[in-house]
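Survey of secondary and tertiary structure
Read off the chains here:
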Amino acid sequence: MEAPLTLLYTARLHGDLAFAPRLFSVVRGLREAAGGAVLLLDLGESCAMGVWHCALTGGRSALFALDAMGYDAAAADALNASSRARMQPGVRCRLLGPGESARLKGVRVFVPPDGGGSPARVNIALVPAGHTAFEAGLLTLAAVDHGQVGRVVLQFGPGGPALHSAEVLDVPPGTPPDPTVSGAVEFILAEADYVLRKAQGKRRE
């Protein structure tokens, strides 16, 4: 029997980068507790255009934060195809838009409508669903909100992959922030602030 595959996933960060270090502390603990391979995914809405750094960067600021947190793939719904193509070489996280897919750790992750590419034995839709289900090789993930982490475990046996467990966990209020991610967030916000001040200076000239 193959080692299980654990999926950890989030969604709806909405540009709250101050929360990212606490979120990562929980994710790191869940990753360490998992037996076997782990995929870290984001189902979208990582940025909200009403948040200053999201508006300034066109949604890239939160995606840089996810990359610093070690995400494997994210539904980059705030970016169009050309923006994703320009950003992708600078990050490890796979940025996926509608109809795009990537193969990671033996499975295929994709963003509907069609995902493109040839199917794998496990195909994971990076879009929130009503509930977690695994049918005919397609894994759909129950929606999670800001402050939550989804955890799904797939087992691989003689009959093929099967859903072992699925749950949605809340990030405890007193969770300490991860210092490395705190530093990354500070850098991202400082860079965004620099661009903002530079643009404001040009407008005053």
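Residues numbered from 1 in each chain as written. Predicted model: local features only at pLDDT ≥ 70, side-chain atom pairs only at ≥ 80, totals over all residues. Heavy atoms only, no water.

A word on the overall build of the protein
Across its full length, the protein carries five helices and 11 strands. Against the compact-globule benchmark of 17 Å for 205 residues, the protein has a radius of gyration of 18 Å, which places it among compact chains. Along the first, second and third principal axes, the C-alpha atoms of the protein reach 70 × 40 × 30 Å. Within the protein, the proportion of its 205 residues that are buried is 45%. Once local pairs closer than 6 in sequence are excluded, the contacts in the protein between residues at least 24 apart make up 56%. (Helix = DSSP H or I, 4+ residues; strand = E, 2+ residues; numbered from the N terminus. Rg over C-alpha atoms; globule rule 2.2 N^0.38 Å. Buried < 20%, exposed > 50% of the residue type's maximum accessible area, 1.4 Å probe, protein only. Contact = heavy atoms within 4.5 Å.)

What about the state of the cysteines?
With the rule as written, the count across this model stands at one disulfide. A disulfide bridge connects Cys47 with Cys54, and the sulfur atoms are separated by 2.1 Å. Here Cys47 and Cys54 share a disulfide; its torsion about the S-S bond, -80°, makes the bridge left-handed. For the pair Cys47 and Cys54, a shared accessibility class is recorded, and that class is buried. (Disulfide = S-S within 2.5 Å.)

A closer look at empty space enclosed by the protein
Gaps left between atoms are located by rolling a probe of water-molecule size over the structure's atoms. Counted by the stated rule, this structure contains one cavity of 30 Å³ or more. Thr10, Ala11, Arg12, Leu13, Phe19, Leu23, Asp145, His146, Gly147 and Gln148 are the residues that line the largest cavity. Considering only residue class, the lining of the largest cavity consists of four nonpolar, four polar and two charged. (1 Å grid on protein atoms, 1.4 Å probe; cavity = no way out; pocket = protein on both sides within 12 Å on 5 of 7 lines; lining within 4 Å. Points joined across faces, edges and corners; volume = space filled by probe spheres on them. Nonpolar A, V, L, I, M, F, W, Y, C, P; charged D, E, K, R; others polar.)

Notes on the pairing of strand β7 (residues 123–129)
Relative to β7, strand β6 (residues 107–110) runs parallel, the two sharing three bridges. Considered in β7, the bridge of Arg108 is made with Asn123. Across four bridges, the pairing between β7 and strand β9 (residues 138–142) is parallel. Paired with Ile124 across the two strands is Leu139, which belongs to β9. (Pairing = 2+ DSSP bridges.)

Considering the sheet that holds strand β10 (residues 148–157)
If you walk across this open sheet you meet the six strands as β4-β3-β2-β1-β10-β11, and the pairing is mixed. Taken across any chain shown, the strands that pair with only one partner, and hence form the sheet edges, are β4 (94–96) and β11 (160–170). For this sheet, the mean angle separating the axes of adjacent strands, direction not counted, is 20°. With two bridges connecting them, strand β2 (residues 37–42) and strand β3 (residues 73–75) associate as parallel partners. (Axes fitted to C-alpha atoms, helices over the stretch in contact; angles between N-to-C directions.)

A word on the pattern of salt bridges
Under the counting rule described, the total for this entry stands at seven salt bridges. Residue Glu2 pairs with Arg121 through a salt bridge whose shortest N-O separation is 2.9 Å. Residue Glu2 is found in strand β1 (residues 2–10), and its partner Arg121 is found in the loop between β6 and β7; the two are separated by 119 residues along the sequence. The class of Glu2 is partly exposed, set by a relative accessible area of 41%. Residue classification places Arg121 among the partly exposed positions, given a relative accessible area of 43%. (Salt bridge = Lys/Arg side-chain N within 4 Å of Asp/Glu carboxyl O.)

Considering the layout of surface pockets
Of the volumes computed, that of the largest pocket is approximately 180 Å³. Every residue along the wall of the largest pocket is listed here: Leu56, Thr57, Arg60, Ser61, Phe64, Phe187, Ile188, Glu191, Ala192 and Val195. Elements that contribute at least two residues to the lining of the largest pocket include exactly α2 (52–57), α3 (60–68) and α5 (179–204). By residue number, the principal contributor to the lining of the largest pocket is α5, which donates five residues. Its volume calculated, the second largest pocket comes out at about 160 Å³.

A closer look at unusual backbone geometry
At Arg12, a position not held by glycine, the phi torsion is positive, near 60°. Mapped onto the elements, Arg12 comes out in the loop between β1 and α1 (20–33). For Arg12, a relative accessible area of 25% translates into the label partly exposed. The phi dihedral of Ala136 is positive, around 55°, even though this residue is not glycine. Assignment of secondary structure puts Ala136 in the loop between β8 (133–135) and β9. Judged by relative accessible area, Ala136 falls into the exposed class, the value being 89%.

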